[in-house]
There are 2 protein chains.
Amino acid sequence: MAATAARALAPGNARLKSGLGVRRFFRKGAAPMPTAGLAPGYVQGNLAILPAEAAGEFLRFCHLNPKPCPVIGLSDRGSPRVPALGEDLDLRTDLPRYRVWRDGEIVAEPTDIREWWRDDLVGFVIGCSFSFEEALLQDGIPLRHHERGCNVPMYRTSIETAPAGRFHGPMVVSMRPLSPAHAIRAIQITSRFPNVHGAPVHIGKPELIGIRDLAKPDYGDAVPVGEDELPVFWGCGVTPQSVIAAAKLPFAITHAPGCMLATDLRNASLAVI
Amino acid sequence: MAATAARALAPGNARLKSGLGVRRFFRKGAAPMPTAGLAPGYVQGNLAILPAEAAGEFLRFCHLNPKPCPVIGLSDRGSPRVPALGEDLDLRTDLPRYRVWRDGEIVAEPTDIREWWRDDLVGFVIGCSFSFEEALLQDGIPLRHHERGCNVPMYRTSIETAPAGRFHGPMVVSMRPLSPAHAIRAIQITSRFPNVHGAPVHIGKPELIGIRDLAKPDYGDAVPVGEDELPVFWGCGVTPQSVIAAAKLPFAITHAPGCMLATDLRNASLAVI
């Protein structure tokens, strides 16, 4: 994701320094861009919008798989509002770009979904690693994909999610190479944030979770892992999107990769201790 | 340590089920035995007794090195009492066995140090891994050295302690092999217990902290580490004893290995969250 471009833009644009500002920016039709680096300090979320007939099943899936699918917001049936995440928030207009799915295939990538909206849709906002990455960086823990200006590497694993009806499949994880001391500290820090993936699901030994080659991620970009580092793996918000695609629902909408929903919640407020 | 024997004994002996009971048992002259498994649920501590002229320097050493040397109790000069750890507690009589040191050499291993006591001595009680091991076991995390009925393996590392006057030298660590998932959970659990060594100081890759062969511990017994496990390393209470020996003080007293001080504190009460 072009995080660097977004960060470079944000300081000069006061509107992009809060979740509210970012939502209004895109709502007014700004050219889409990844949201990494925008609204620093504010929680961003993955978005999944499903017909009500599938929403109960999906909520059950999320409940059973809180590490990859922590639900931080839910809309009422037919409503694009999630007041708990932002007073004026509108799921139809506030993200830079969306993906519209039919039968498991992407049929459109619009910047506004008002024309796709239906009165049986339910919106799910799912926590995102941006929040815990902020906490890691504030603690002085360097993140390789930030240093390299690329996307975090993500892998499909042999860890099966707990199934719920049509929703099942492998857990997707993100990986960050860390020194052993930083890995221990990162486990402590991310444990405080269960709503944004929480503690890692695995550390070291990628082969134990079905990852054959760290240099070949299934999503995102490869980053080098030093001889003096351990790969540390967190549950990833790509999991619900991958599971929704595999379920081949007649209709669904998600955010486009990297184009998250900015909220009014502060990252720090998600810490449970 | 003959932990199994001690555990087998304890259930039949109500006196050995509390810290107070264990202290009185040894005070009355019971045959010395390791204290692992005695007074379950109660904090046990490493003991170091130093002349007052060295005590300030040693306290500074402990303060600078809280991972291996967490001080949980201090006596007044010349007093064998530590009321914070037990009302009737007497450092001179309440441990199964002691080591008396002169110029860095062990000169006696008595079961009572009343005849060695001096009015310039200061007692230090230092947290012990028994407390966090109880929390790990209660969480369902198996400990290899418990399964095998042997002592935990301990290693001198290339991690230098922060020096304080005469006190300096390598950190000694204990090692427990854990699955990656158990390692992550163990980091969470032990982080709650900073007074008994706290979070690990290292994980995986023993060579990075100067350990050449896990099968050859410097203290304790080797245990196998599975291909699907990571070695996890905690600061160890042998560090202060090793540092005291290296300082070649004219006089010092410590507990004998495995023969700890049982206190009235509950392990659970040490959790900071």
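Note that the structure is a prediction, hence the values are computed from the model and not measured.

1. Topic: the nonpolar core
Piece 1. The biggest cluster of nonpolar side chains holds 76 residues, and the ones touching the most others in it are Ile203 and Ile253 of chain A together with Ile49, Leu91, Ile203 and Ile253 of chain B.
Piece 2. Ignoring any residue separated from it by four or fewer positions in sequence, one finds isoleucine 49 of chain B in contact with Leu91, Ile113, Trp117, Leu121, Val122, Gly123, Ala252 and Ile253 of chain B.

2. A closer look at the relation of the copies chain A and chain B
The pair of chain copies shares a relation made of a rotation about an axis and a shift along it.
Piece 1. Note on the identical chains: chain A maps onto chain B by a rotation of 180° and an axial translation of 0.0 Å, with an RMSD of 0.0 Å. Overall, the copies show the geometry of a two-fold rotation axis. Closest approach to the rotation axis within chain A is made by the C-alpha atom of glutamine 188 of chain A, at a distance of 3.1 Å.
Piece 2. With an isologous cut-off of 70% or more, the 100% of interface residues of chain A that recur at the interface of chain B puts this contact in the isologous class.

3. Here we look at the side chain of aspartate 88 of chain B
Residue and element names in this part refer to chain B.
Piece 1. Looking at the secondary structure, you find aspartate 88 in the loop between strand S2 (71-74) and strand S3 (98-102).
Piece 2. Note on aspartate 88: relative accessible area 17%, which makes it buried.
Piece 3. One polar contact links aspartate 88 to arginine 23, side chain to side chain, over a distance of 2.8 Å.
Piece 4. Engagement of the side chain of aspartate 88 in a polar contact is seen with the side chain of arginine 27, the distance being 2.6 Å.
Piece 5. The residues touching aspartate 88, leaving out its near neighbours within four places in the chain, are Leu20, Arg23, Arg24, Arg27, Arg81 and Asp94.

4. Points about the interface of chain A and chain B
One frequently used descriptor of interface size is the decrease in accessible area upon assembly of the parts.
Piece 1. Of the residues lining the interface, 17 residues belong to chain A; the matching set on chain B comes to 17 residues.
Piece 2. A combined buried area of about 1500 Å² lies between chain A and chain B, and 76% of that area is made up of carbon and sulfur atoms.
Piece 3. Ranking the residues of chain A by area buried against chain B places Ile184, Ile203 and Lys205 of chain A at the top, with a combined share of 33%.
Piece 4. The interface formed by chain A and chain B holds zero salt bridges in total.
Piece 5. Where chain A touches chain B, the interface holds four residue pairs in polar contact (both at pLDDT 80 or more).
Piece 6. The set of elements that each furnish at least two residues to the side of chain A that touches chain B consists of helix H6 (180-191) and strand S8 (202-203) of chain A.

5. Side note on the pairing of strand S7 (residues 170-178) of chain B
All names here are of chain B.
Piece 1. Along S7, eight of the nine residues are buried, which leaves the element largely enclosed by surrounding structure.
Piece 2. The sheet contact formed by strand S6 (residues 154-160) and S7 spans four bridges and is antiparallel. Opposite arginine 156, over in S7, you have valine 172 as the bridge partner.
Piece 3. In the sheet, S7 pairs with strand S9 (residues 230-235) via six bridges, with the strands oriented antiparallel. Paired with serine 174 across the two strands is tryptophan 234, which belongs to S9.

6. Quick notes on the confidence of the model for chain A
Low-confidence regions, as indicated by low pLDDT, have predicted coordinates that should not be scrutinised in detail.
Piece 1. Scored by pLDDT, chain A has a mean of 95; 96% of the residues are at 70 or more.
Piece 2. The complex prediction reports pTM at 0.93, with the ipTM value standing at 0.90.

7. Some thoughts on unusual backbone geometry
In terms of backbone geometry, most residues other than glycine have negative phi values and most peptide bonds are trans.
Residues and elements named next belong to chain A.
Piece 1. With a phi angle near 55°, aspartate 103 is a residue other than glycine that sits in the positive phi range.
Piece 2. Position of aspartate 103 among the secondary structure elements: in the loop between strand S3 (98-102) and strand S4 (105-108).
Piece 3. In this structure aspartate 103 comes out as partly exposed when scored by relative accessible area, which is 47%.

8. Re a nonpolar patch on the surface
Piece 1. Together, Val272 and Ile273 of chain A together with Val272 and Ile273 of chain B line one region of the surface with nonpolar side chains, adding up to about 380 Å² of accessible area.
Piece 2. Locating valine 272 of chain B in the fold gives a position in the segment after strand S11 (261-266).

9. Let's talk about the environment of histidine 255 of chain B
All names here are of chain B.
Piece 1. Along the chain, histidine 255 falls in strand S10 (residues 252-255).
Piece 2. Apart from the residues lying within four places of it in its own chain, the contact partners of histidine 255 are Asn46, Leu47, Leu95, Arg97, Tyr98, Arg99, Gln241 and Met260.
Piece 3. At 3.5 Å, the side chain of histidine 255 and the side chain of asparagine 46 are in polar contact.
Piece 4. For histidine 255, the side chain forms a polar contact with the main-chain nitrogen of leucine 47, separated by 3.0 Å.

What counts, and where the lines are drawn
Residues numbered from 1 in each chain as written. Chains lettered and ligands numbered in written order. Predicted model: local features only at pLDDT ≥ 70, side-chain atom pairs only at ≥ 80, totals over all residues. Heavy atoms only, no water. Core = buried A, V, L, I, M, F, W, Y, C linked by side-chain atoms within 4.5 Å. Buried < 20%, exposed > 50% of the residue type's maximum accessible area, 1.4 Å probe, protein only. Contact = heavy atoms within 4.5 Å. Least-squares fit on C-alpha atoms with pLDDT ≥ 70 in both. Helix = DSSP H or I, 4+ residues; strand = E, 2+ residues; numbered from the N terminus. Polar contact = N/O pair within 3.5 Å; in protein donor to acceptor, adjacent residues only side chain to side chain. Buried area = accessible area lost by both parts, 1.4 Å probe. Salt bridge = Lys/Arg side-chain N within 4 Å of Asp/Glu carboxyl O. Pairing = 2+ DSSP bridges. pLDDT = per-residue confidence, 0-100. Patch = residues over 30% accessible without salt bridge, like charges linked within 9 Å, V, L, I, M, F, W, Y side chains within 5 Å. Areas by Shrake-Rupley, 256 points an atom, 1.4 Å probe, with all protein chains shown as cover.

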